[in-house]
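# A structural walkthrough
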Amino acid sequence: MCRVVTVGGAGVGGQTPAQHAAADVSQQAPYPLEAPRRQVIRSAILYVAAELVGGIIMVALLPITTRYLTPSEFGVVAICRSIRDFCALFFTFGLTGAAVRYSYNVSALERLHFRRTVFTLMLTGPAVIMLGIHIVIKNTGITMEGETPYDPMIAISILTGYGFALLVFLPKEILKADGRKYAYSIITLAFIAANTLFTIALVAYFRLASFGIVVSDLLSCVAAGVVSSVFAHSTMRVRMDFSEIKASALYSAPLFVHIMCLWSMNFSDRLILQEFVGMDEIGLYSFAYQIAFSTMVVATGAYAALLPELGKHGSPGRANYEYMNMLAESYISFILFFSFLMTITARILVSVLGSDEYGMSERYIYWIISAYAFLGIYFPSITIISVIHGKTTIFGIATPIAAAINISANLIFIPRIGAEAAAISTSICYALLSSLYMLYAWSIDNKAIRIFRCTSMISIYISCVLTFVMLRYMYPSYIISSLSSFSLYIFLSYITGVFNPGRLAKLLISHFRQGQPGQPIGT
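The structure reproduced in this document is the subject of the present report. Residue numbers restart at each chain and count upward from 1, following the sequence in its written direction. Local features in this predicted model are restricted to residues whose pLDDT is 70 or higher, and side-chain atom pairs enter the listing and the counts only when it is 80 or higher, whereas totals over whole chains, interfaces and linings include all residues. Hydrogens and water molecules were not included; the side-chain quantities draw on all heavy atoms of the structure.

For the rest of this paragraph, the subject is the pattern of salt bridges. By salt bridge we mean one thing: a side-chain nitrogen of Lys or Arg within 4 Å of a carboxyl oxygen of Asp or Glu. Going through the model one piece at a time under the given rule, you end up with eight salt bridges. Of the charged contacts, one joins glutamate 281 and arginine 363 as a salt bridge, the two residues approaching to 2.6 Å between their closest N and O atoms. In this pair, glutamate 281 is assigned in helix H12 (residues 279-312) and arginine 363 in helix H15 (residues 362-388), connecting sequence segments 82 residues apart. Using a 1.4 Å probe on the protein chains alone, a residue whose accessible area is under 20% of its type maximum counts as buried, one over 50% counts as exposed, and one in between counts as partly exposed. On the accessibility criterion, arginine 363 (26% relative accessible area) is partly exposed. One network of salt bridges, in which partners are shared, links Arg81, Arg84, Asp85 and Asp217. What counts as a helix is a DSSP run of H or I of at least four residues, what counts as a strand is a run of E of at least two, and both are numbered from the N terminus.

A word on the packing of aromatic side chains. Two aromatic rings from Phe, Tyr or Trp, using only the six-membered ring of Trp, form a pair when their centres are within 6.5 Å; if the ring planes differ by under 30 degrees the pair is stacked, by over 60 it is edge-to-face, and anything between is tilted. The full count for this structure, using the stated rule, is 19 aromatic pairs. Ring centres of phenylalanine 90 and phenylalanine 93 lie 6.0 Å apart, and the angle between their planes is 65°; this geometry places the pair in the edge-to-face category. Considered together, phenylalanine 90 and phenylalanine 93 belong to a single accessibility category, that of buried residues. A ring pair is formed by tyrosine 366 and phenylalanine 468, whose centres lie 5.6 Å apart and whose planes are at 70°; its orientation type is edge-to-face. With tyrosine 366 in helix H15 and phenylalanine 468 in helix H18 (residues 451-474), the pair connects residues that are 102 residues apart, well separated along the chain. Neither residue differs from the other here; tyrosine 366 and phenylalanine 468 are each classed as buried.

What follows concerns the environment of glycine 283. Residue placement: glycine 283 occurs in helix H12. Of the residues examined, glycine 283 reaches a relative accessible area of 0% and is grouped as buried. Residues glycine 283 and tyrosine 358, spaced 75 residues apart in sequence, show a C-alpha to C-alpha distance of 8.4 Å. Any pair of residues with heavy atoms lying within 4.5 Å of one another is described as a contacting pair. Excluding residues that lie within four positions of it along the chain, glycine 283 makes contacts with Pro71, Phe74, Gly75 and Tyr358.

Right, let's get into a nonpolar patch on the surface. Candidates for patches are residues over 30% relative accessible area with no salt bridge; among them, like charges are joined within 9 Å and nonpolar side chains (Val, Leu, Ile, Met, Phe, Trp, Tyr) within 5 Å. In this description, accessible areas are obtained by the Shrake-Rupley approach with a 1.4 Å probe, and a residue is regarded as covered only by the protein chains that are shown. Among the surface-exposed residues, Tyr205, Phe206, Leu208 and Phe211 lie close enough to one another that they form a single nonpolar patch of about 440 Å² accessible area. Take tyrosine 205: it is sitting in helix H9 (residues 181-205). Looking at tyrosine 205, the relative accessible area reads 64%, which means it is exposed.

On to helix H8 (residues 152-177), then. End to end, H8 covers 36 Å across 26 residues, agreeing with the expected 38 Å (1.5 Å per residue, within 8%). Along its length, H8 shows its largest kink, about 40°, at phenylalanine 164. Looking one or two residues past H8, glycine 179 carries a phi angle of roughly 70°, positive in sign. Residue count minus one, scaled by 1.5 Å, sets the expected span of a helix. Axes are fitted to the seven residues ending at a residue and to the seven starting at it; the angle between these axes is taken as the bend at that residue.

Unusually for a residue other than glycine, arginine 207 sits at a positive phi of about 55°. As for its position among the elements, arginine 207 is in the loop between H9 and helix H10 (209-231). Looking at arginine 207, the relative accessible area reads 56%, which means it is exposed. A positive phi angle is found at alanine 209, which is not glycine, with a value near 55°. Looking at the element boundaries, alanine 209 is found in helix H10. We classify alanine 209 as buried; its relative accessible area is 15%.

Turning our attention to the packing of H15 against helix H17 (residues 419-444). Interaxial angles span 0 to 180 degrees and are taken between N-to-C directions of axes, which are lines fitted to C-alpha atoms, for helices over the stretch in contact. H17 packs onto H15 with a crossing angle of 20° between their chain directions and a minimal axis gap of 8 Å. Between H15 and H17, the interaxial angle falls into the category roughly parallel. As for the relative orientation of H15 and H17, their crossing is left-handed in sense. Each residue gets one of three labels, nonpolar for Ala, Val, Leu, Ile, Met, Phe, Trp, Tyr, Cys and Pro, charged for Asp, Glu, Lys and Arg, and polar for the others, Gly among them. In the contact of H15 with H17, the residues fall into 22 nonpolar, five polar and two charged. Our angle categories are set so that under 35 degrees counts as roughly parallel, over 145 as roughly antiparallel, 65 to 115 as roughly perpendicular, and the remainder as oblique. Less than a right angle of anticlockwise turn of the near helix away from the far helix marks a crossing as left-handed, whereas a clockwise turn marks it as right-handed.

Shape is all these values report; function is a separate question.
Right under this line is the structure:
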C-alpha cells in the first residue's frame, strides 16, 4: 500500500503531521500484535526445554553419584553446594535484578553503560570479600566432618560461587531481559554438558567421591563462563559511574536482603539437621531435594520466557491487562500441573534414581516438591512488583520475617520430629511468602493478577496433593492412588475453568494454524 505525500501543506494523506501522528497512535496495534502469543509459547517451549533437558541430565546422574557416594558423602556435597549457592547469590549483591530492571525504558547506550557498571561492581567487590572469607574460615578452622583444619572443598565452593555470579548469573539475566533465548539456552546447556562429563570422569573414573563433584562444579562454571563471554562480551567491560552505582544500590539493596534470606531458608535446615540428626540424614534430605528441583527448573525456564514480555508491560502505551492475565495464569497453572505430576511419580523416581539406602528419602519429597511449586508461583508477582513497578522495599521486610519463622520452626521441631519437620516448615513458609507477594502485587496493580482465579488454582493443587498423600497410605496400590488423585485434579480444574484441555488444544491449534507473525491472534 502506498501513501501520497504532499509538500508544505496538508502533510500525509491530506492530514497535518500532528493529525497523522495522532491517527497512528489511535490505530496502533494492541500489545499482543507486537508480541504474539504464539511467539511467547514458542519462547517458553525453548526456555523450558533447555532447562528441562539440563534438569533431566542432572537427575540422570543421580544413579551414578549414589552408586559411588554414601548418604554421608552426599550430605557433604549438599553442604558444599549450599556454600557455593550462598556465594553466588551474595556476590551478585542483588545487582543482576538492577541490570534487568534498567533494561526497559532506556536507550541501548544507557543500558550498555549501566550493565558495565554492574559488571565492574561484581568483579571488584567479591574479590575483597573472598579474601576476608578466606582469612576468617582459615582462622576459625571450619571443616567438613573435621577432616582437615581448612577443608579445600570449602575454598573451591567459594570460588565456584564467585564464578557463577560473574560468569553465569549476570550474563544469563541480561540475555533473558533482552529476549535472546537461544544464547540463554546455549549457556544453560553448556554448563550441564560440562558438568555431566566432568562428574562422570572425576567420580566414576577417578573415584574422587564428593571432592570430584565439587571440582566438577568449578570446571563446569569455567566452561559456561567461556561460552557466556561470547554472547555477553560487550557487557564485560570496566566502567564506573557513581550516579549509576547509586541507582543500582537503591534498587538492589532490598533484593540483596531478599536473596540472602531465601538462601538462609534453604541452608539453615541442613546446618540444624547436621547438629541433631547427622550427615546421613542430610544426604537423604538432599537427595529428595535434587529430584524435586526439577519443578524449580521448569519454573525457571517458563519464567525466563515470560520476563521480557512482563517487563515490556511497563513501557508507556503498551499495557495490555488481558495479555498479562493470560501470561500470569498460564504460568501458574503450568507450574502447579507439573508439580502435581512430580508428586504422583515421586515414589517411582526415588526407587529408580537412588540405591536402596536412599529409599527413605520418599517421606521428604512430597513436601519439597510443594515448596518448589510455591517458589515458582510468586515469580509473576515479584516481576510485577520489582520489574514493572520498580518497588523492592517489600522484599527487605517480608522475606526476613519468613526466614525467621522458618529457622525458628526448624530449631523447635527438627530435634523432636527429624528431617521431615524441615521439609514441612520450608513448604509452609514458601506458601505464605508467595501468597503475601501475590496479594501485594494485586494491591498495586489489581488488573495484572486475577486473585480469585489464582487462588482457585492453588487451592485445587493443595487439596489434590493432600488427597494423594492420604490415598497413598490408605490404598495398598501406588498406581490406584496416583490415578485417583490425578483424575480428581483434572476434574476439579475442569469444572472450575482453571484447566480445560479441550479449550487449550483449540487455542494452540488456532495459534499455529491461523496466527501469522505481526498479525492479531484469534482466541
